[in-house]
Amino acid sequence: MKRFICILLIVCAAAASLTLTACGKKDVKVSAYDILAIYDSESRSVTGTVDFTYYNSTDNEIGDLKFNLYGNAYREGATYTPVSQSYANKAYYAGTSYGSMSVEGVENCQAWNVGGEDENILTVTLLTPVYPEESVNIKISYKLVLAKVNHRTGVTENAVNLGNFYPVLCAYTREGFTECPYYYCGDPFVSECANYRVTVDLPAGYVAATSGKLEKESAAADRKKCTYTLENARDFAMVLSDKFEVVTQKVGGVEVSYYYYKDTNPQVSLSAACDSVKFFSGAFGNYVYPTLCVVQTGFCYGGMEYPALTMISDELAADDNIYTIVHENAHQWWYAMVGSDQINCGWQDEGLAEYSTLMFFENHPTYGYTRTGIIGSATKAYRAYYSVYNQIFGEADTSMNRHLKDFESEYEYTNIAYNKGLILFDMLRQSIGDEKFGAGLKKYFADNLYKVASYEDMCGCFIGAGADLEGFFASFTEGKIVI
């Protein structure tokens, strides 16, 4: 997600990291979602079914499946709210509004229930356990009611944001399935790759920008159905609007589209999107999906990343719009194609996406951003945070590998995940040189494509590039280095 501008709150303690199972390479079997989503603009709701095929890639027999119900965080009375108090007015543009995600039924199972820490987990008990390298199919019927909110999931003033709009299988770790309460700091999502077939039924006047490639479209009366596919992706998202205009350009074999409704220079935005895809493909490894949608929409932050789709706030000034497009597109490499544990190690993808953005502008000076300027701005902001927290609390916690719940404010999270993460990668590059740094990034991408990479996986790629860096990473992540 694009960086925040936030208020100060309280500092909390550090947390542990998880070792997550891999999605596997493209030729390895993965689970599959076949989703039907019917959008009703009058009731602001999505009625849907998920025909889900679970492939057991673990070494254990699995008797229960667990799914994150992210949409239920928008309900009244939720313990964890997706929007902090400091952003509430900007997000809830029409006043307080609520949504929900309810499960209507599950077929081909012994039992099911909704529970978890915050009514955020659907647990499905299978008829019989599924063993390693075997599959099982269930069908979930659900309803998503959308709040009026400029956020990942909700109805904005000009569009409908459908991020995390379906029950999402929890990622599997050595401890079992990872349940993800909806913390407002960072991105509380850890997902493994799957194949998607998504059919959206929507009013005829709406246009859908989605993560997938359009396979077929049909119309009847005042409705239309569009079916999209996407392989080896850890999420699928859509943005719907009856106001969209679109410009499209090919980059290699990738169709890059920019959906907008109030951009006076859409070609500039599209060019930034295309230039970033081309640069990142050369610097890290090829973009693997057939399409990429960059979508202007209502959003209380700068932007948000999903595989093959990025949401860009419609409130950004021209320069910020370009910066955000590049940053969110960098997440196609560091989050979408190469995943990480965003709950316990948020800086791993945010810091690297931010540094990838720096690398892009360093190689594209016509956009007006410089390496010196970006590093200087991040260092100044981080030092200000450090100074203020030292004065107020006696000592600032600058450790990096900690759970999202241990960040009490977006201000603290921004400085640790974005600014300190950016500084870490710049100092790493200065320490080992451009050649080894570039080789390390390419190795990290190649070794972890379609996987959920651990912190140790990332460090190992640079250490394997020919440098003894264990002490370097530890000094940053444990909060020992003074910047």
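This write-up is about the structure you can find in this document. (Residues numbered from 1 in each chain as written. Predicted model: local features only at pLDDT ≥ 70, side-chain atom pairs only at ≥ 80, totals over all residues. Heavy atoms only, no water.)

### As for unusual backbone geometry
Note: most residues except glycine have negative phi, and most peptide bonds are trans.
Here's step 1: One non-glycine residue with positive phi stands out, namely glutamate 133, at about 70°.
Here's step 2: Among the structural elements, glutamate 133 can be located in the loop between β6 (121–130) and β7 (135–145).
Here's step 3: Exposure remark for glutamate 133: the relative accessible area of 63% places this residue in the exposed category.
Here's step 4: Phi angles above zero are rare outside glycine, and tyrosine 335 is one such case at about 155°.
Here's step 5: With respect to the helices and strands, the residue tyrosine 335 is situated in the loop between α3 (318–330) and β23 (339–340). (Helix = DSSP H or I, 4+ residues; strand = E, 2+ residues; numbered from the N terminus. Buried < 20%, exposed > 50% of the residue type's maximum accessible area, 1.4 Å probe, protein only.)

### Overview of the sheet that holds strand β22 (residues 309–313)
Here's step 1: Strand order in the open sheet made by the five strands is β18-β19-β20-β22-β21, with mixed pairing throughout. Whereas interior strands pair on both sides, the edge strands pair on one side only; in this sheet they are β18 (245–251) and β21 (303–306). In this sheet, adjacent strand axes meet at a mean angle of 15° when their direction is disregarded.
Here's step 2: By the bridge criterion, five bridges tie strand β19 (residues 254–260) to strand β20 (residues 291–297) in an arrangement that is parallel. In the strand pairing of β20, glutamate 255 is matched with threonine 291. (Pairing = 2+ DSSP bridges. Axes fitted to C-alpha atoms, helices over the stretch in contact; angles between N-to-C directions.)

### Notes on the packing of helix α2 (residues 266–283) against helix α4 (residues 347–362)
Here's step 1: Across the interface, α2 lies against α4 with an axial gap of 10 Å and an inter-helix angle of 105°. Of the possible angle classes, the one that applies to α2 and α4 is roughly perpendicular. Between α2 and α4, the residues in contact are Ala272, Asp275, Ser276, Phe279 and Phe280 and Ser356, Thr357, Met359 and Phe360, respectively. (Parallel < 35°, antiparallel > 145°, perpendicular 65-115°, else oblique. Contact = heavy atoms within 4.5 Å.)

### What to know about the pairing of strand β16 (residues 223–233)
Here's step 1: Inspection of the sheet shows strand β13 (residues 194–203) paired to β16 by nine bridges, in the antiparallel sense. Looking across to β16, one finds that threonine 199 is bridged to threonine 227.
Here's step 2: As consecutive antiparallel partners, strand β15 (residues 213–220) and β16 are separated by two residues, and within that stretch alanine 221 has a phi angle of approximately 55°, a positive value.

### As for α2
Here's step 1: Along its 18 residues, α2 runs 26 Å from first to last C-alpha, staying within 8% of the 26 Å computed at 1.5 Å per residue.
Here's step 2: By the burial criterion, the buried members of α2 are Pro266, Ser269, Leu270, Ala272, Ala273, Cys274, Ser276, Val277, Phe279, Phe280, Ser281 and Ala283.
Here's step 3: Contact partners of the buried residues in α2: β18, β19, β20, α3, α4 and α6 (410–448).
Here's step 4: Downstream of α2 by a residue or two, glycine 285 has a phi angle that is positive, lying close to 155°. (Expected span 1.5 Å × (residues − 1).)

### A closer look at the packing of aromatic side chains
The geometry of two aromatic rings is summed up by the distance between their centres and the angle between their planes.
Here's step 1: Tallying each qualifying case throughout the model produces 49 aromatic pairs.
Here's step 2: Aromatic pair tyrosine 70 and tyrosine 182: ring centres 6.1 Å apart, planes at 90°, arrangement edge-to-face. Note that tyrosine 70 is positioned in the loop between β3 (62–68) and α1 (88–91) and tyrosine 182 in the loop between β12 (176–177) and β13, a separation of 112 residues in sequence. Each member of the pair, tyrosine 70 together with tyrosine 182, is buried.
Here's step 3: Note on phenylalanine 361 and tyrosine 367: the rings are 6.1 Å apart at their centroids and 75° apart in plane angle, and the pair reads as edge-to-face. For the pair shown, phenylalanine 361 and tyrosine 367 are each scored as buried. (Phe/Tyr/Trp six-rings, centres within 6.5 Å; stacked < 30°, edge-to-face > 60°.)

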